[in-house]
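# Notes for the structure review
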Amino acid sequence: MFAVPTAGTARAAEPEQLTIDLATDTGAFHGGASGSLYGVYGDGVPSRNVLEGMHVRTVSTKAQDGPQHPGADALEMLPPFVDSGGKDVYIYMTDIYRGFPYQWPGADGTARLADFKEKIKKQVQQVLTMGDYKDHVVYVPFNEPEGNMFGTGEWSYNKVSWLDDPRHYFEAWKEVYHLIKDLDPDARVAGPNTSVLYDQVKGFLQYAKANDVVPDVMTWHELSSPAAVRTNVAKYRQMEKDVGVGPLPINVNEYGHNYHLSVPGQVVQWVSAIEESKIDADLAYWNIDGNLNDSAVEANKGNGQWWLFNAYGRMTGHTVEVTAPHPNQQYTLQGVATLDADKKQSRAIFGGKSGDADVVFKNIDPELFGTTVHATVQEIPWTGQVGDSAQPLRLADRELAVGADGSVTLPMTGMNEMSAYQVILSPGGHGGVPAEPSVGWRKTYEAENATYTGKGYSRNGPEGSPQDVGKFATSGAYNVGGLRTGSDGVLAFDVEVPQDGTYDLSVFANSYNLYDLVKEQGPTNVFVRVDGEDPQQLLLPLGYKWVVWGHTDTTVRLTAGHHRITLSAQDPDLGVTKGDAIIDKVDLALRDERVTAPAVYEAEYAALDGATPDYAHRGASGPGAVPLAKGDSATFWVHSPSDRESAVSVDHLGGGRASLSLNGEKLDVPKVGGGEKGTDSVRMFLSGGINKITVTGTSGELVLDRLRVAPSSGTSATKVYQAEAGILTGAAKVTDAYTFASGGKAVTGIGDGKDNALSVDVVAQRSGRHAVTIRYSNAEQAPATHYNPDPIARHADLSVNGGPARRVLFPTTFHFNNFWELTVPVTLKKGTNRLTFTADELPDFNGDTYNPYDQRSKYAPVIDRIAVTPLTQR
């Protein structure tokens, strides 16, 4: 993946070159590409960790209590979004209506507009109750008006498109604009929110200027290409100049297609165009809400796309000029880069090409970097729409001499077009200890190239492609079906491995949760063998549609040489497949010391508040360390593969003390640090997926080197309680309908009133904060009005010892027989504590009405078991 440059090395052909000119400043880093349309369901779906760590800047979402989709109510997601670092929530005021085109009632256009204005008035009045949060609201009165309210269809104002005759739309814009501003003089209004940047937008600007109703933010959609982003932003800026308005902030509040979303190597091409244009932009909403447009997995996990935006959002300083081998051309190598002179650090993210390329940093300032640079090279792989991803893979960590011309060339070899890559450049030559790569041998085997025997085989595809962007991306463009109920199919992968050892086996697969054969059991079970031996059963991932990829992971023991790994629908020892699945590929990777070593998070690469890296500390890991004076902090986004205890080692060079916090909570542990170089190991409970660990200086100036994170030996003594052994009241009952519940039993019927409850008595060895991990399932889904599946996040009101209840949202698991875990921190007293789960349907914002389309559940999820673990171990 990364070849160390050697003087005089001959290469077969001159590779493509991505050039980063550190001397050409293109403006302050903006970070606007990380927006989301309908990406936040409510507080906890996704978690605040996932929101903050993705650095989501803007969200476009539905009007409060709108019936367009379940969840994503503007004023319910506004506080957690802002509290997680979000900037603006764009309220689609039209989504107070059902349907698309919007079904606004009225005998004629005048009556329909009058009804809409009454609903707008109510929306603004509700926003005004939100205190300072209202300053983060932007009103979007019309959405794609040329195809909806002022188009030619049945539900339009007068069946005349405003693109042909704009009079009625322009007048409606003026009336609504004044209505909003009269109610809230500080309001920001965005528009026209067209599906593309039409030439007629110029006429809209002329009218708006003449009537003093110019929008505060210009919005339109780019369901096109990254090249169109650059072209249309320039085109719009010329319109502004011609008309004499602006320049206005821009939010392209819908971008990308199914083929692009979830794929780091595709999305980075959009990111580069959006960042270069210095605008905000929101990922398009093609699928389910609450998962940040196929970035978030479950409640608290991220896929490869999430880690791409985590890397993008952690850029600081100014962007610099990036010259691609094929400038502004989609499906080629593209990138974005920054230089932070205060940090003495340059970051570049890039991707979109398979094979080899040179990444060239030129005009490296010796005053900032010296004559030697430290380069860390990472890969952010594609892990599917619903596949959890660990932190980026460390491909290389090297010190390189800067050439006489002020440049450094990084030869990238064997790149994958579905991956994105990051290079972090820092000063070198100070004795920093480079880290080993975090991966060794690995290889992908495509299902369409495997050998299939038995009946029922299908080779499906081609799936998504540049020519068919509405379909989902798939490795190799094809996948294989046949492993299903009643099948005798065997899919055999012939593999060759370099040495004896344990190998990670990752099966990329999908079952459509509402497909007839899948509905019976939920997860489709298949059977793995190596050379006909060592059978294992795997449960394959469910998705909201076909070709929505996740992965199921296991390990296999292999000796050096050739082996046949089979996925079968029958196994003589383990049983038969129930369901129906498609297989995309399998990934095989040697689980050597590189993989099993603790994950390393360098302090100089962390998100710093008040501190800057120091590269002069000899003996530090990586290029340097970070001195933390009192109040300074370093924040790390740390991955855990599951909800479990981990050992977090804080490596430091002495000089002071610091406190630790986990996911925003200050930990009740001794301060780390001291006068001398050392390591403080803290056992803490990490939630599966994304965790935010912050180290904050408390005295002196602690020189922080890095964090190392590894699974712990389980000293925190997790206690597990089966839900069916709890106290059930009312309609709550034990069920044996869900075979994948632990012990085959779970509790259902919690909710529809507080009388239908589950209480579990748990024991704490000491008072303090504990992690309560709930194994649950939820497959409630509302009828949809168009292409989006509409799963519902159920909630539970969790009370401890009869105290005030805390509302916890549980995202869909796609089937009631598919169980996930969700961790909630609670305070327990020493001894016995009673946890009580209830639920009831939530009313609308004003408390006087309820959703008429079954979009708010009355029920808690099915609860299988509860595990209780101290949040930290002293």
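Worth saying up front: this structure is predicted, and the values here are computed from it rather than measured.

Counting across every chain of the model gives 36 aromatic pairs. Geometrically, the ring pair formed by Trp162 and Tyr169 is tilted, given 4.9 Å between the ring centres and 40 degrees between the ring planes. Exposure remark for Tyr169: the relative accessible area of 0% places this residue in the buried category. Both rings, one in Trp173 and one in Tyr177, keep their centres 6.2 Å apart while their planes meet at 40 degrees; by these two values the pair is tilted. Here Trp173 and its partner Tyr177 are both found in helix α4 (residues 167-183), four residues apart, which amounts to about one turn of the helix. The exposure class assigned to Trp173 is buried, which follows from its relative accessible area of 1%. Lying across the ring of Tyr853, Arg98 places its NZ or CZ 4.3 Å from the centre.

Before going further, it helps to spend a moment on the sheet that holds strand β7 (residues 217-222). The strand order around the closed barrel formed by eight strands is β2-β3-β4-β5-β6-β7-β8-β9, and the pairing between neighbours is parallel. The sheet shows a mean angle of 25 degrees between the axes of neighbouring strands, direction not considered.

Tracing the backbone through its elements, the reader meets His563 in strand β30 (residues 561-568). Within polar-contact distance, the side chain of His563 engages the backbone oxygen of Thr559 at 2.6 Å. Beyond its immediate chain neighbours, meaning those up to four positions away, His563 contacts Phe493, Asp494, Val495, Val497, Val530, Asp531 and Leu558.

Counting buried positions along β30 yields six of eight residues, so the element is predominantly enclosed. As paired elements, strand β26 (residues 525-530) and β30 share four bridges and run antiparallel to each other. Among the inter-strand pairings, Val528 is bridged to a residue of β30, identified as Leu567.

Below, the discussion takes up the sheet that holds strand β50 (residues 794-800). Spatial ordering of the open sheet is given by β45-β48-β53-β50-β51, a layout of five strands whose pairing is antiparallel. A single partner strand is all that each edge strand has here, and the edge strands are β45 (727-729) and β51 (806-810). Sheet twist, expressed as the mean angle between neighbouring strand axes with direction ignored, is 25 degrees. Across seven bridges, the pairing between strand β48 (residues 757-764) and strand β53 (residues 831-838) is antiparallel. Bridged to Val763 within β53 is Thr832.

The next point concerns the packing of helix α6 (residues 226-243) against helix α7 (residues 264-277). With their axes 8 Å apart at the nearest point, α6 and α7 run at an angle of 15 degrees to one another. On the basis of the axis angle, α6 is roughly parallel to α7. The crossing of α6 and α7 is right-handed. Along the contact surface, α6 presents Pro226, Val229, Arg230 and Val233, while α7 presents Gln269, Trp270, Ser272, Ala273, Ile274, Glu276 and Ser277. By residue class, the composition of the contact of α6 with α7 is six nonpolar, three polar and two charged.

Among all residues except glycine, the phi angle is most often negative; among peptide bonds, the trans geometry is most common. Put simply, Val45 and Pro46 share a cis peptide bond, and its omega is 0 degrees. Looking at where Pro46 falls in the secondary structure, it is placed in the loop between β2 (35-37) and α1 (48-54). The residue after Gly191, namely Pro192, is reached through a cis peptide bond having omega 0 degrees. Here Pro192 lies in strand β6 (residues 188-194). Here the phi dihedral of Asp294 falls at roughly 65 degrees; this positive angle occurs in a residue that is not glycine. Positionally, Asp294 belongs in the loop between β9 (280-283) and β10 (296-297). The class of Asp294 is buried, set by a relative accessible area of 2%. Even without being a glycine, Lys344 presents a positive backbone phi close to 55 degrees. Within the secondary structure, Lys344 is located in the loop between β13 (334-340) and β14 (345-351). Note on Lys344: relative accessible area 33%, which makes it partly exposed.

We now examine the pattern of salt bridges. Counted under the stated rule, the structure contains 44 salt bridges. One salt bridge in this structure joins Arg856 and Glu76, with 2.7 Å as the shortest N-O distance. Highlighted residues: Arg856 in the loop between β53 and β54 (862-870) and Glu76 in helix α2 (residues 74-83), separated in sequence by 780 residues. One salt bridge in this structure joins Arg708 and Asp651, with 2.7 Å as the shortest N-O distance. Of this pair, Arg708 sits in strand β43 (residues 689-711) while Asp651 is found in strand β38 (residues 644-652), placing the two residues 57 residues apart along the sequence. When its relative accessible area of 23% is taken as the criterion, Arg708 is described as partly exposed. Looking at Asp651, the relative accessible area reads 6%, which means it is buried. Among the charged side chains, a network of salt bridges with common partners joins Lys62, Asp65, Asp73, Glu76, Asp844 and Arg856.

Let's shift gears to the packing of helix α3 (residues 109-127) against α4. Running from N to C, α3 and α4 point in directions that differ by 25 degrees, and their axes come no closer than 10 Å. By the angle class used here, α3 and α4 are roughly parallel. With respect to the hand of their crossing, α3 and α4 are arranged in right-handed fashion. Facing α3, whose interface residues are Leu113, Lys117, Ile120, Lys121 and Val124, α4 presents Ala172, Glu175, Val176, Leu179, Ile180 and Leu183. Residues of the contact of α3 with α4, tallied by class, amount to eight nonpolar, no polar and three charged.

A few words on the environment of Glu298. Tracing the backbone shows Glu298 in the loop between β10 and β11 (301-302). In this structure, the C-alpha to C-alpha distance between Glu298 and Pro46, residues 252 residues apart in sequence, is 7.6 Å. Dropping the residues within four chain positions of it, Glu298 is found in contact with Pro811, Trp820 and Glu821. At a separation of 3.4 Å, a polar atom in the side chain of Glu298 contacts the side chain of Lys301.

What follows deals with the environment of Leu223. Tracing the backbone through its elements, the reader meets Leu223 in the loop between β7 and α6. Put simply, Leu223 and Asp21 are 202 residues apart on the chain and 30 Å apart in space, counted from C-alpha to C-alpha. Ignoring anything within four residues of it in the chain, the contact list for Leu223 reads Glu254, Tyr255, Gly256, His257, Ala284 and Trp286.

Across its 18 residues, α6 extends 26 Å between first and last C-alpha, which sits within 8% of the 26 Å expected from 1.5 Å per residue. The complete set of buried residues in α6 reads Pro226, Ala227, Ala228, Val229, Arg230, Asn232, Val233, Tyr236, Met239, Glu240 and Val243. Those residues of α6 that are buried lie in contact with α5 (201-210), β7, β8 (250-255), α7 and β13.

Criteria and thresholds
Residues numbered from 1 in each chain as written. Predicted model: local features only at pLDDT ≥ 70, side-chain atom pairs only at ≥ 80, totals over all residues. Heavy atoms only, no water. Phe/Tyr/Trp six-rings, centres within 6.5 Å; stacked < 30°, edge-to-face > 60°. Buried < 20%, exposed > 50% of the residue type's maximum accessible area, 1.4 Å probe, protein only. Helix = DSSP H or I, 4+ residues; strand = E, 2+ residues; numbered from the N terminus. Lys NZ or Arg CZ within 6 Å of the ring centre and 35° of its normal. Pairing = 2+ DSSP bridges. Axes fitted to C-alpha atoms, helices over the stretch in contact; angles between N-to-C directions. Polar contact = N/O pair within 3.5 Å; in protein donor to acceptor, adjacent residues only side chain to side chain. Contact = heavy atoms within 4.5 Å. Parallel < 35°, antiparallel > 145°, perpendicular 65-115°, else oblique. Left-handed = near helix turned anticlockwise from the far one by under 90°. Nonpolar A, V, L, I, M, F, W, Y, C, P; charged D, E, K, R; others polar. Salt bridge = Lys/Arg side-chain N within 4 Å of Asp/Glu carboxyl O. Expected span 1.5 Å × (residues − 1).

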